[in-house]
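Examining the three-dimensional arrangement
Take a look at the letters that make up each chain.
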Amino acid sequence: MSILPYTSAGLLPLMALPLSAQERPNILYIMCDDMGYGDLSCYGQRHFTTPNIDRLAAQGMRMTSAYAGSPVSAPSRACFMTGQHTGHTHVRGNKEYWHGQVEYGRNQDFAVVGQEPYDTSQPILPEILKAAGYRTGMFGKWAGGYEGSPSTPDKRGIDEFYGYICQFQAHLYFPNFLNRFSRSMGDTCVVREVLEQNILHEMYGDDYANRQQYSADLIHQRALEWLRHQEKDKPFLGIFTYTLPHAELRQPDDSLLQAFRGKLLPERAYRGDKPSRYNPTQEGHAQFAAMITRLDAQVGEIIQLLEERGLADNTVVIFTSDNGPHEEGGADPEYFNHDGKFRGLKRSTHEGGIRIPFIVRWPGHVRAGSESDLPFAFYDLLPTFCDMAGIHEMPEYGLRFKKGQIMNRKSESAKSFDGISILPTLIGKGHQRKHDHLYWEFHETDMLGVRYGDWKLVVKHGKPALYDLATDPHEDHDLADKHPDMVQKLVQKIYDDHTDSPLFPVTLPPKE
């Protein structure tokens, strides 16, 4: 694959939000996997460049205080989908389902795979926008329910899906199969597309290098094919949950990888982890740099296609990551300084695990070259997308907006939404409501987090630590002993936000 730069669409002066059925904006949400805050050159990366994504930032807004919903994949995506934080949403961790065995050529794989399903009584973003007349396509990782569960793309408002239902399966970049649901092809449920060339070879060991069907490219090509069929008078929601640069660190031995081979020394060797399906590599640094370079090229191709189809000016393009950087499969956060100036990695509620790159391009509405430090999190995106689409009330989903916030109806059947629309910040018009605080919890590392202004409370195994992000963004100096009243104030916010989950328990800090 060659890196395709794209030309700038004409940027118009800021104007009133279009609300007619023909002018409602398309929304294209590109969320990569395990990219840290500092993994883009427009956020400080120095080992490689990301010219297409950098250009996206130059043509739109770069957010510097954007947060994932969680420090790990499935719950972070759940926050995006449901508009709930991890104190309320059902999926708060990576609970896996792997059942039975089936043979694919020379390999055995699971007959049923996937993660804990989203709560079917809680509406999710594609359902809401589809009900409002949007076409919906999702390409990449689902992670919102195992195969055959009540929560798979065919049952949750997606018209076209191609990728991985199960995020564990996505550990193989040359898998035995990918999943598909296509209303246009007449599918009635999610099906498996067997990758016939791949299954001729082993899925672990030396023979794995002979596999040729690379999932990141296959998913990207299906996403482009879907975009080619979109029409100007029918708005679409595209959710491109691309798997790069998640481990395993493997890809085709093409010009992208060869450009870094022998250049990022000392090189990083990794012996592999068969139970996790991470194949070994002798060049972890080159692989990682090439994976992000490949992702950048794919973003360039997406924007180029939107411009060729005449869709760019009325399409909101968002680029982000699902959580902070990983150190799995041979990745080397210390070498690349993935988290920039922040402490912590994936699975941590320190800033490095949850602070993410976030770029928005919308010609004529989001000012080119702008920047915002508004703190917000993934659960704000559902109301933001509804705001963009001109959706102000949908009684069937318990949605009613007031000043950019979803007002939860006071009844037993009311749905909980925690987000606030950030559209006023993006377009530079109207009053931007702000959260009193942001909240995270993650059971696997038994950590919680609260951001309140510049104060940040991090709780691990029930023990709180307090930081001042204004003077200590790396969270090196615990001020809990000096500010016990602030600690207790933020501890109370944890108790206000947390609802117990038997599937994903965490240790709450003591109240005094």
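One structure accompanies this document, and this report is about it. These numbers come from a predicted model, not from an experiment.

1. A word on the pattern of salt bridges
Within the structure shown, the criterion is met by 32 salt bridges. Between D33 and K141 there is a salt bridge whose closest N-O contact spans 2.6 Å. One end of the pair, D33, is in the loop between strand 1 (26-32) and helix 1 (51-58); the other, K141, is in strand 5 (residues 135-141), with 108 residues separating them in the sequence. K141 matches D33 in its accessibility class, with the two residues each being buried. The shortest N-O distance in the salt bridge between K346 and D34 comes to 2.9 Å. Of this pair, K346 sits in the loop between helix 7 (333-336) and helix 8 (351-354) while D34 sits in the loop between strand 1 and helix 1, and the two are 312 residues apart along the sequence. D34 sits in the buried class, given a relative accessible area of 0%. Through salt bridges with shared partners, a single ionic network connects D34, E328, K346, R347 and E444.

2. Section: the packing of aromatic side chains
The final tally for this structure, using the stated rule, is 25 aromatic pairs. For the ring pair F139 and F240, a centre distance of 5.6 Å and an interplane angle of 90 degrees mean the geometry is edge-to-face. With F139 in strand 5 and F240 in strand 9 (residues 236-241), this residue pair connects regions lying 101 residues apart in the sequence. Aromatic rings pair up to connect F139, W226, F236, F240 and Y242 into one cluster. The ring of Y162 has R222 lying over it, and the distance from NZ or CZ to the ring centre is 3.9 Å. If you follow K511 out to its NZ or CZ, it ends over the ring of Y495, 4.6 Å from the centre.

3. Observations regarding the nonpolar core
By size, the foremost hydrophobic cluster in this structure holds 58 residues, and its most contacted members are L227, F240, I302, L306, F319 and I359. When residues of this core are traced back to their parent elements, those giving at least two are strand 1, helix 1, strand 6 (160-164), helix 4 (215-228), strand 9, helix 6 (284-308) and strand 10 (315-321). Tallying contributions element by element places helix 6 first for this core, with 12 residues. Here L227 is in contact with L28, F236, F240, I302, L305, L306, R309 and L311, once residues within four sequence places are set aside. Core analysis: the second largest hydrophobic core is formed by 55 residues, M63, F385, M394 and F417 among them.

4. Observations regarding the pairing of strand 17 (residues 438-442)
A large share of strand 17 lies buried, amounting to 5 of its 5 residues. Covered by surrounding structure in strand 17 are L438, W440 and F442 together with Y439 and E441, the residues of both alternating faces. Inspection of the sheet shows strand 17 paired to strand 18 (residues 447-452) by 5 bridges, in the antiparallel sense. Each bridged residue has a counterpart across the sheet, and for F442 the counterpart in strand 18 is M447. Connecting strand 17 to the antiparallel partner strand 18 that follows it, the hairpin turn spans 4 residues, and D446 within it adopts a positive phi of roughly 55 degrees.

Rules used in this analysis
Residue indices begin from 1 for each chain and proceed along its sequence in written order. Per-residue local features are limited, in this predicted model, to residues with pLDDT of at least 70; the limit for side-chain atom pairs, both in listing and counting, is 80 or more; totals at the level of whole chains, interfaces and linings are taken over all residues. Side-chain calculation: all heavy atoms of the structure are included, whereas hydrogens and water are not. By convention in these notes, a salt bridge is any Lys or Arg side-chain nitrogen within 4 Å of a carboxyl oxygen on Asp or Glu. Each helix is a run of H or I in the DSSP string that is no shorter than four residues. Each strand is a run of E no shorter than two, and both are numbered from the N terminus. Categorising residues by exposure relies on relative accessible area from a 1.4 Å probe, with only protein chains included: less than 20% of the type maximum marks a residue as buried, more than 50% marks it as exposed, and the intermediate range marks it as partly exposed. The rule is short: rings of Phe, Tyr and Trp, with Trp giving its six-membered ring, pair when the centres are within 6.5 Å, and they are stacked under 30 degrees, edge-to-face over 60, tilted in between. Only Lys NZ and Arg CZ are tested; either one counts as a charge over a ring when it is within 6 Å of the ring centre and within 35 degrees of the ring normal. Throughout, nonpolar core names a set of buried Ala, Val, Leu, Ile, Met, Phe, Trp, Tyr and Cys residues whose side chains join them through atoms within 4.5 Å. Throughout, a residue-residue contact means that at least one pair of heavy atoms, one from each residue, lies within 4.5 Å. For two strands to be treated as a pair, DSSP must find at least two bridges joining them.

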